[in-house]
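A look at the structure
Residues per chain are reported as follows:
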Amino acid sequence: MQQTIIFYLVFVNLLTFLLFYLDKRKAINKANRISEKTLLSFCAIGGSLGGFLGMQLFRHKTKKRSFLLPFIIIVILQVGSVYGYANYHHVI
């Protein structure tokens, strides 16, 4: 079970990172973009670390408040969920 969760998180974070990269390239080339809804959805399903790294490394979506606020809310909810789960199961 733990290995499946780890595999899932690695996969979804790599995919999210790749989506941020592709969207940045599309922005530079003035091509059809990946929607913010899609980027945030991948962050919400566990790819927030990959999204954060993509934002920082590619300097993408770092100043757009309409994107940052939902992203920050997603991260806070995820951290709270992990903390709550770990605390409930006496992991920490």
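Figured I'd write up the structure that's included with this text. (Residues numbered from 1 in each chain as written. Predicted model: local features only at pLDDT ≥ 70, side-chain atom pairs only at ≥ 80, totals over all residues. Heavy atoms only, no water.)

**Let's talk about helix α2 (residues 36-58)**
As a reminder of what qualifies: Put simply, DSSP H or I for four residues or longer makes a helix, DSSP E for two residues or longer makes a strand, and each gets a number counted from the N terminus. Multiply 1.5 Å by the residue count of a helix minus one, and that product is the helix's expected span. The bend at a residue is defined as the angle formed between two axes, one fitted to the seven residues ending at that residue and one fitted to the seven starting there. Buried residues are those whose accessible area, probed at 1.4 Å on protein chains only, stays under 20% of the maximum for their type, while exposed residues exceed 50% and partly exposed ones sit between those limits. The contact criterion used is simple: two residues touch if any of their non-hydrogen atoms lie within 4.5 Å.
The terminal C-alpha atoms of α2 lie 16 Å apart, and with 23 residues this falls more than 12% below the ideal 33 Å at 1.5 Å per residue. Roughly 130 degrees is the biggest bend found in α2, and it falls at Gly47. Residues of α2 that are buried include every one of Glu36, Leu39, Leu40, Cys43, Gly46, Gly47, Ser48, Gly50, Gly51, Gly54, Met55 and Phe58, and no others. The elements touched by buried residues of α2 are α1 (2-28) and α3 (65-88). Of the residues trailing α2, Arg59 is marked for its positive phi of about 50 degrees.

**A closer look at α3**
With 24 residues, α3 should reach 34 Å at 1.5 Å per residue; the first-to-last C-alpha distance of 34 Å fits that figure. Phe67, Phe71, Ile74, Gln78 and Ala86 are the residues of α3 that are buried. As for α3, its buried residues are in contact with α1 and α2. Just downstream of α3, His90 is the residue with a positive phi angle, here 55 degrees.

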